[in-house]
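Below, each chain spelled out in residue letters.
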Amino acid sequence: MDTSTPPVGPLRIGVVGAGRVGAVLAAALRAAGHEIVAVAGESDASRRRVDALLPGVDVDKPSAVARACDLLLLTVPDDMLHNVVTVLADSGALRAGQYVVHTSGRHGLAVLEPATRVGARPVAMHPAMTFTGTDVDLPRLPGCTFGVTVGAAERAMAERLVADLGGRCMWVPEEHRTLYHAALAHGANHLVTLVSEAIGLLAAAAADNPDLDPAATLRPLLSAALDNALVAGDAALTGPIVRGDVNTVRAHLADIAATAPHTLPSYVAMARATLDRVVTDGRVLPIRAAKIRRVLDAALLDVQAPRQPRDVQIFDTPWA
């Protein structure tokens with residue numbers, strides 16, 4: 001028997017973790033013709049997602065979900081994943097021949113060792129996408145890249161799942177899994193912080209224009225910058241650093257320190273990183289770069305920026 005050939009026909013899929021990722025992937029797999037037999041998720045937010053995206057699907061305990069399915073989808077936080085797999089394996093909820101698929105970006109197959117030990121078939125399949133946990137995410141899946149780490153015997157199943165989700169596979173070696181995830185987190189998660197800080201600065205600058213939408217002002221600029229960077233890389237850089245405008249950088253730092261001191265460290269960090277790149281490619285001479293570096297260093301030394309209390313909006317976690 002060829003164990004590398006996945007089962008024919010719809011799969012019986014269970015999901016542990018009805019968070020933003022799990023609920024959306026389950027809905028997409030259901031739309032592709034698979035049966036979602038049960039979902040585990042205890043929070044009110046999880047139950048709302050199941051009601052909205054997976055109507056009629058039972059919510060049950062993780063062990064019951066695992067026993068009921070042929071393919072178990074684990075969409076829990078990275079730091080919980082090993083414990084969840086261990087508990088399920090030790091309780092006898094996992095079985096030989098069952099596919100156990102996790103969606104962690106950081107982890108590969110090693111974290112699923114407890115499942116492999118009882119004969120289950122491990123797959124690491126991470127969507128390179130940000131999720132809201134609503135039906136808005138479903139049309140974003142076609143064309144999405146999935147970072148897949150898998151053994152030869154499970155490769156066909158991984159290809160089938162990704163194809164059913166409308167995505168494409170990026171094969172990530174086990175030893176490069178964390179680096180793969182770091183690239184995505186640095187590019188996407190830190191981008192959100194950067195954009196949020198830019199919105200705050202622009203709102204402060206436009207305080208006399210109550211009808212101005214900072215996000216709408218930034219959208220065409222940021223969209224063009226992102227598109228250009230994805231095509232041209234460092235060649236897309238514009239602005240005072242690449243021009244070597246020391247006085248403009250100094251003025252930026254002074255106003256940021258006075259208006260939004262909590263943003264100063266990230267501005268300086270990104271300015272330093274940008275400066276390093278344009279010196280390396282020869283667009284800014286070392287003597288000019290040294291002047292800019294002194295200005296950046298002085299900004300952090302001269303300005304003591306106490307952390308101001310800030311309003312924080314609490315969101316439910318993506319896995320709850």
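Values in this document were obtained by computation on a predicted structure and should not be read as measured data.

Peer 1: Would you explain the packing of aromatic side chains in this entry?
Peer 2: Here the structure, examined in full by the defined rule, presents 0 aromatic pairs. For arginine 155, the ring lying beneath its charged end belongs to tryptophan 171, and the centroid distance is 3.8 Å.

Peer 1: I keep staring at the nonpolar core and nothing clicks. Help me out?
Peer 2: Membership of the largest hydrophobic core comes to 33 residues, with the highest contact counts inside it found for Leu54, Met125 and Phe146. When residues of this core are assigned to their parent elements, the largest contribution, 7 residues, is made by helix α1 (residues 20-31). Setting aside residues no more than four positions away along its own chain, leucine 54 makes contact with Ala23, Ala26, Ala27, Arg30, Ile36, Val39 and Arg49. Listed in part, the 22 residues of the second largest apolar core include Leu74, Leu88, Leu94 and Val100.

Peer 1: Whenever I open this one, helix α4 (residues 78-90) confuses me. Can you help?
Peer 2: Helical periodicity: at 3.6 residues per turn, an α-helix aligns residues three or four positions apart in one direction. Residues Leu81, Val84, Val85, Thr86, Leu88 and Ala89 constitute the buried set of α4. Looking at the buried residues of α4, the elements they touch are β1 (12-16), α3 (62-68), β4 (71-74), β5 (99-102) and α5 (113-117). Backbone geometry just downstream of α4 places glycine 92 in the positive-phi region, at approximately 85°.

Peer 1: What's the story with the pattern of salt bridges in this structure? I'm lost.
Peer 2: Between side chains of opposite charge, pairing is possible as soon as their charged atoms come close. Per the counting criterion, the structure on display carries 13 salt bridges. Notably, a salt bridge pairs aspartate 79 with arginine 106, separated by 3.7 Å at the nearest N-O pair. Of this pair, aspartate 79 sits in helix α4 while arginine 106 sits in the loop between β5 and α5; the two residues are 27 residues apart in sequence, bridging distant segments of the chain. The exposure class assigned to aspartate 79 is exposed, which follows from its relative accessible area of 70%. Relative accessible area serves as the criterion here: at 37%, arginine 106 is assigned to the partly exposed category.

Peer 1: What should I look at first to understand the packing of helix α11 (residues 264-280) against helix α12 (residues 286-302) in this one?
Peer 2: Pairs of packed helices are described in terms of their axes, by the angle between the two and the distance that separates them. At a closest axis distance of 10 Å, the pairing of α11 and α12 adopts a crossing angle of 165°. Comparing their axes, α12 and α11 come out roughly antiparallel. In this structure, α11 meets α12 at a crossing whose hand is left-handed. On α12, the residues that touch Leu264, Pro265, Val268, Ala271, Arg272, Leu275, Asp276 and Val279 of α11 are Ala289, Ile292, Arg293, Leu296, Asp297, Ala299 and Leu300.

Peer 1: What is the right way to look at the packing of helix α7 (residues 177-205) against helix α8 (residues 214-232) in this model?
Peer 2: It is the contact of α7 with α8, at a shortest axis distance of 9 Å, that shows an interaxial angle of 125°. The orientation of α7 with respect to α8, classified from their angle, is oblique. Seen along the crossing, α7 lies across α8 with a hand that is right-handed. Seen from α7, the contacting residues are Val195, Ala198, Ile199, Leu202 and Ala203; seen from α8, they are Pro214, Ala215, Thr217, Leu218 and Leu222. Its residues placed into classes, the contact of α7 with α8 shows 9 nonpolar, 1 polar and no charged.

Peer 1: So what exactly am I meant to see when it comes to the sheet that holds β5 here?
Peer 2: The strands making up a sheet are joined through hydrogen bonds of the backbone, oriented either antiparallel or parallel. Taken together, the 8 strands give an open sheet; going across it, the order is β3-β2-β1-β4-β5-β6-β7-β8, and neighbouring strands pair in mixed fashion. What marks the edges here is a single partner per strand, and that holds for β3 (58-59) and β8 (168-171). Bridge count between strand β2 (residues 35-40) and β3: 2 bridges; the pairing is parallel. Counterpart to alanine 38 in the pairing with β3 is aspartate 58.

Peer 1: What am I meant to see in the confidence of the model for the chain here?
Peer 2: Fine structural detail should not be taken from predicted coordinates in areas where pLDDT scores are low. Looking at the chain, the pLDDT average stands at 92 and 93% of residues meet or exceed 70. Across residues 311-320 the pLDDT falls below 50, and counting only partners more than four positions away or on other chains, this stretch makes 20 contacts in the model.

Peer 1: Looking at this structure, how should I read α8?
Peer 2: Across its 19 residues, α8 extends 27 Å between first and last C-alpha, which sits within 8% of the 27 Å expected from 1.5 Å per residue. Considering bend angle alone, the principal kink of α8 is centred on proline 220 and spans about 30°. Regarding α8, its N-cap is aspartate 213, as a side-chain oxygen of that residue lies 3.1 Å from the backbone nitrogen of alanine 215 further along. Backbone geometry just after α8 places glycine 233 at a positive phi near 65°.

Peer 1: Is there a simple way to explain the environment of leucine 29 in this structure?
Peer 2: Along the chain, leucine 29 turns up in helix α1. In this structure, the C-alpha to C-alpha distance between leucine 29 and glutamate 113, residues 84 residues apart in sequence, is 25 Å. With residues up to four places along the chain from it excluded, the contact list for leucine 29 reads Ile13, His34, Leu161, Asp164 and Leu165.

The rules behind each value
Residues numbered from 1 in each chain as written. Predicted model: local features only at pLDDT ≥ 70, side-chain atom pairs only at ≥ 80, totals over all residues. Heavy atoms only, no water. Phe/Tyr/Trp six-rings, centres within 6.5 Å; stacked < 30°, edge-to-face > 60°. Lys NZ or Arg CZ within 6 Å of the ring centre and 35° of its normal. Core = buried A, V, L, I, M, F, W, Y, C linked by side-chain atoms within 4.5 Å. Buried < 20%, exposed > 50% of the residue type's maximum accessible area, 1.4 Å probe, protein only. Helix = DSSP H or I, 4+ residues; strand = E, 2+ residues; numbered from the N terminus. Contact = heavy atoms within 4.5 Å. Salt bridge = Lys/Arg side-chain N within 4 Å of Asp/Glu carboxyl O. Axes fitted to C-alpha atoms, helices over the stretch in contact; angles between N-to-C directions. Parallel < 35°, antiparallel > 145°, perpendicular 65-115°, else oblique. Left-handed = near helix turned anticlockwise from the far one by under 90°. Nonpolar A, V, L, I, M, F, W, Y, C, P; charged D, E, K, R; others polar. Pairing = 2+ DSSP bridges. pLDDT = per-residue confidence, 0-100. Expected span 1.5 Å × (residues − 1). Bend = angle between axes of the 7 residues up to and from the residue. Polar contact = N/O pair within 3.5 Å; in protein donor to acceptor, adjacent residues only side chain to side chain.

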